[in-house]
Amino acid sequence: MGRSDVAAIIMAAGKGTRFRSERAKVLHRAAGRSLLGHILEAVRGLELGQVVVVVGHQADEVAAEAAAADVPGLVTVLQEPQDGTAHAVEVALERLAPGIERVLVLNGDVPLLTTATLADLADTPAGTAAMLTSVLADPTGYGRVLRDGAGDVIGIVEHRDASDEQRRIDEVNAGMYALDRDGLEGLLARCGTGNDQGERYLTDVVGLLSEAGTSIAGLVTDEREVAGVNDRAQLAEATAALHARHAHDLMQAGVSILDPTSVWIDVTVEVGADTSILPGCLLEGATSVGAGATLGPQSHLRDTTVQDGAIVRNSVCDRAHVGPGRTAPDDIV
């Protein structure tokens, strides 16, 4: 079921200084897609009325990456200067189409976020607000979620501003929200710059909504799913998790993987049922493998087609084609 009255605003304007790279953070790749590509793929399944990607650093390149995802209803908007998350949403509101009544505010650096979780967020009732949260064993440094006796969220307090009692709270803000469009512009205008960075933060909207009597639901989500990627170590962790998830999905669909810890299969790779993947295989890009094939050991395939019943052992295949029942490397075309 489509959600034509809902739009997603994806924040992708930052550089990502902890990457120590000239490339914008959301352009870094994990398991076959850019970070931005992963969140756009998750959003695609929601069938939204519009998707607005907020760009800033390397705006042209990020906009091109967003367009390449070919998500219906996608537009980009430039945030310049970059004056915080509240400002980013404010800029995006200017591009919202008529008929959009509700917005999802999402981060562009959460590659493990799933369509199912986003659907739960999108389908919270109109007239309420919702946000994704997570429970951490060590919440140090994160904004704590404050709830009232009924369980509704009433605010977010940053770690540096929290009391000792509030710092014992282990539920933290994941920074993604579902908000009614009506009145949002006025709330954003009230977000001030009284913080260490001198920027306008969207977290202030939560407190303002609570003060106005709006019910705010906190949807507790697995911490791995909502984890942002802020440096290369976290990128490696996310990449490993994405590969593990995809391998699990393939096995559930009838693919045999002898040792899932020894193979890396991009999320863009398709593999048919009854295919066996032996240790030491790396499958990348637009690789497609038919049914009943055998891959490995020690084979690297990139943008390669392997047809039904083929065998690929100890091979490097780059944009190659292995026909049905053929054996590589002998029969590579």
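Before reading further, recall that the structure is shown in the block above.
A brief report on the enclosed structure follows. This is a predicted model, so every value here is computed, not measured. Within each chain, residue numbers correspond to sequence positions counted from 1 in written order. Only residues with pLDDT of at least 70 are given local features in this predicted model, and only at 80 or more are side-chain atom pairs given and counted; all residues enter the totals for whole chains, interfaces and linings. To obtain the side-chain values, all non-hydrogen atoms of the structure were used and water was disregarded.

### Considerations on the overall build of the protein chain
What counts, and what does not: Helix numbers and strand numbers start at the N terminus; a helix is a DSSP run of H or I with at least 4 residues, a strand a run of E with at least 2. For the radius of gyration, the atom set is restricted to C-alpha positions; the globular benchmark scales as 2.2 Å times the number of residues to the power 0.38. The rule is simple: take the accessible area with a 1.4 Å probe, protein chains only, and divide by the maximum for that residue type; under 20% is buried, over 50% is exposed, in between is partly exposed. Here, residues are in contact when the closest pair of their heavy atoms is within 4.5 Å. Accessible surface area values rest on a Shrake-Rupley calculation with a 1.4 Å probe, where residue burial reflects the displayed protein chains alone. Charge assignment in this entry is limited to Lys and Arg as positive and Asp and Glu as negative, and neither His nor the chain termini are counted. Where a charge sits is defined by one atom per residue type, namely NZ (Lys), CZ (Arg), CG (Asp) or CD (Glu).
If you tally the helices and strands in the protein chain, you get nine helices and 24 strands. For a compact globule of 333 residues, the expected C-alpha radius of gyration is about 20 Å, and the protein chain comes in at 22 Å, within 12% of that figure. Buried residues in the protein chain amount to 47% of all 333 residues. Taking the intrachain contacts of the protein chain between residues at least 6 apart in sequence as the baseline, contacts between residues at least 24 apart amount to 54%. Here the protein chain has roughly 15100 Å² of accessible surface; of this, 47% comes from carbon and sulfur atoms. In the protein chain, 26 positive and 48 negative side-chain charges are present, and the distance between their average locations comes to 4 Å.

### Side note on the sheet that holds strand S21 (residues 311-312)
Test applied: Here, any two strands with at least 2 DSSP bridges between them count as paired.
Pairing in this open sheet of five strands is parallel, and the strands run S12-S15-S18-S21-S24 from one edge to the other. Looking at the sheet topology across the chains shown, the edges are occupied by strand S12 (256-257) and strand S24 (327-328). Relative to strand S18 (residues 294-295), strand S15 (residues 276-277) runs parallel, the two sharing two bridges. Its bridge partner lying in S18, isoleucine 277 is registered against leucine 295.

### Quick look at the environment of threonine 76
Within the element layout of this structure, threonine 76 appears in strand S5 (residues 74-78). The exposure class assigned to threonine 76 is partly exposed, which follows from its relative accessible area of 27%. Residues threonine 76 and isoleucine 9, 67 residues apart in the sequence, show an inter-C-alpha distance of 9.6 Å. When near neighbours in sequence (up to four residues on either side) are disregarded, threonine 76 contacts Val53, Val55, Ala63, Ala66 and Arg95.

### So, the pattern of salt bridges
The criterion, for reference: Criterion for a salt bridge: a side-chain nitrogen of Lys or Arg within 4 Å of a carboxyl oxygen of Asp or Glu.
This structure, assessed with the given rule, holds eleven salt bridges. Here arginine 224 ties to aspartate 222 by a salt bridge, and the two come within 2.8 Å at their closest N and O atoms. On the basis of relative accessible area, arginine 224 is assigned to the exposed category, the value being 59%. Using a relative accessible area of 35% as the deciding quantity, one classes aspartate 222 as partly exposed. Measuring nitrogen to oxygen at the nearest pair gives 3.4 Å for the salt bridge that ties aspartate 318 to arginine 319. Given the relative accessible area of 38%, aspartate 318 is considered partly exposed.

### Description of helix H7 (residues 203-211)
Listed in full, the buried residues belonging to H7 are Thr203, Val205, Val206, Leu208 and Leu209. Buried residues along H7 sit in contact with strand S7 (129-135), strand S9 (153-157), strand S10 (171-180), helix H6 (184-189) and strand S11 (216-220).

### Things to note about helix H2 (residues 59-68)
This is how the line gets drawn: The arc in question is the one spanned by the directions pointing from the helix axis to the C-beta atoms.
Where H2 is concerned, the buried positions are Ala59, Val62 and Ala66. The buried residues of H2 occupy an angular sector of 70° when projected down its axis, which confines them to one face. Across H2 from its buried face, at more than 90 degrees, point the exposed residues Asp60, Ala67 and Ala68. Summarising the contacts, the buried residues of H2 are in contact with strand S1 (3-12), helix H1 (35-44), strand S4 (48-55) and S5. Of the residues one or two after H2, aspartate 70 is the one with positive phi, at around 55°.

### Thoughts on the side chain of glutamine 79
Positionally, glutamine 79 belongs in the loop between S5 and helix H3 (85-93). With near-sequence residues (within four places) excluded, glutamine 79 lies in contact with Ala13, Val54, Val55, Gly56, Gly84, His87, Ala88 and Val91.

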